[in-house]
Amino acid sequence: MDISPYCIAACEELASLYSCILRNWIETMASPLDTLGEIVKILDCALNQDQRIIANIKKATFSACILLLQQLQRTHDEEECRPAVKLLHIVTSLLQQAAFVDSSRPLKDLVIDLFLIEMLVKYLPAPVIWLPVLNENSTLLFLIQILDTSLKNRTDVEFADAVLHLFLSISTFYDVASSLTLLGIHQSLCLSLRRDEAPQGGGASQLVLSNSNHKPSWIRVWHLSLALITTLLETLGRDFLNCALDFVGVHEEQLAKSLEAVQSNQSLASLDEAEHSVAVLAQLARFHREWRFTLPHVFDHLKKQVGWLCQACSSLLSKPQLLSHLVDLASERFPSHCVSSGGQEKCDASGGGSGGKHVHFGSPVEQRRRGISSSSSSDGQSLASPLFIRIQGKSVAVSLTLMCTGLNWKADLCADCFQFCLTA
């Protein structure tokens, strides 16, 4: 039956209205599961009637489904799982149709599909229920292929961010992690993510579009890639070891730069990248013998950088007033309009900045030579500032991960950090 454009427009308006109403009344809803089941029936009916309907109501109805899933607790009841499984079938089929049938459509329009899949996976009790659905529609393979293209061409950062978030949330399951490995996720993260093909710059500057931790950007894609490699290695162990070694071998210089950068730049962006890099090394250090045998030069290079980072973090944490002084000094030299470049801060042409100068804290002798002492740098108000507290907390997180790396290496690389934690 041919459906008129007026009917399709009316369906779109009603779907948008329903989504707005649901957002305000969700807290008072008696049975979110029953409502989810009704929406699934509507989507299934629209999918069988006319593709134009589903294209126009998808965004609003998917938003409503996400709101409902946020109100539901994970269930093991087979009857309660049926609407979610049916919805997962619908979403995965629509995801592929949208990309193959309408290739001109921006991939960022499909981000809501990925977010809904992630919500459904969290709601369903085990991979044995939802993994066959993903395999049936070749969803994982399709997403890896699109991610590979996105990383190579440096396009659709929002989609790449959403894909990596989804993979990160499901890679804690062994079967899923094995599937991702067999489908070649590590190859995309090794070759397509190489940044020496991009314009030259310091640290992670080739990927940076934003210094926000919440807005999708290529630096966050890099961080998510590091987190995914860490999780896959933690989940699969030796089964993923060769893939992890390939990743570290390809990105050796970038990992080394992120560790070294903390000595000259104590910003949140620099510490955040160091934290992700150290997490990978901490997992890989569990297999330090294999690592040293396979990539001896990479092992020695990064081990040296880990030692320097230990010294840097322990110096910052044991002298909070010195850290506060460096934070204040960096804030003056790198105004708010500067964007993070991994290990450096790069200012735009609108003003301010120090022209690329960095703050090195150096040794206590160098600090005294420059007139910087731990007792005269900042007052108590600076030590209580939100920025200082966040940087100090991030330094602690990096230090704790460094300790795990040192323990896995069976080497006394983190003595300064251990000493600080015992005396703090």
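Everything numeric here is computed off the predicted structure, so don't read it as measured data.

Applying the stated rule across the entire model yields eight salt bridges. For Arg82, the salt bridge is made with Glu79, and the minimal N-O distance between the two is 3.2 Å. Of this pair, Arg82 and Glu79 both sit in helix 4 (residues 78-101), three residues apart, roughly one helical turn. Accessibility expressed as a relative area gives 49% for Arg82, which makes it partly exposed. Here Glu118 makes a salt bridge to Lys122, at a shortest N to O gap of 3.5 Å. Of this pair, Glu118 and Lys122 both sit in helix 5 (residues 111-123), four residues apart, which is roughly one turn of that helix. Since its relative accessible area comes to 11%, Glu118 is described here as buried. Given the relative accessible area of 44%, Lys122 is considered partly exposed.

A word on unusual backbone geometry. Backbone geometry at Ser138 places phi at a positive 50 degrees, although glycine is not the residue there. Among the structural elements, Ser138 can be located in the loop between helix 6 (127-136) and helix 7 (139-153). Look at Arg154: it is not a glycine, yet its phi comes out positive at around 55 degrees. When its relative accessible area of 24% is taken as the criterion, Arg154 is described as partly exposed.

Our focus in this paragraph is helix 13 (residues 252-260). Buried within helix 13 we find Glu252, Gln254, Leu255, Ala256, Ser258 and Leu259. Of the surrounding secondary structure, the elements contacted by the buried residues of helix 13 are helix 11 (218-236), helix 12 (241-250), helix 14 (268-284) and helix 16 (296-318).

Relative to the helices and strands, Ile146 resides in helix 7. Once the C-alpha coordinates of Ile146 and Phe159 are considered, the two residues, 13 residues apart in sequence, prove to be 8.9 Å apart. Contact partners of Ile146, with chain neighbours within four places excluded, come to Leu107 and Phe159.

Calculation notes
- Here the residue numbering is sequential within each chain, running from 1 through the sequence in written order.
- Only residues with pLDDT of at least 70 get local features here, since the model is predicted, and only at 80 or more are side-chain atom pairs given and counted; chain-wide, interface and lining totals rely on the full set of residues.
- The basis for every side-chain value is the complete set of non-hydrogen atoms in the structure, without hydrogens or water.
- In what follows, salt bridge is the name for a side-chain nitrogen of Lys or Arg lying within 4 Å of a carboxyl oxygen of Asp or Glu.
- Secondary structure counts use DSSP, requiring at least four H or I residues in a row for a helix and at least two E residues in a row for a strand, with both numbered from the N terminus.
- Relative accessible area decides the class of each residue, using a 1.4 Å probe on protein chains only: under 20% of the type maximum gives buried, over 50% gives exposed, and in between gives partly exposed.
- Contact between two residues is taken to exist if any of their heavy atoms lie within 4.5 Å; hydrogens are not considered.

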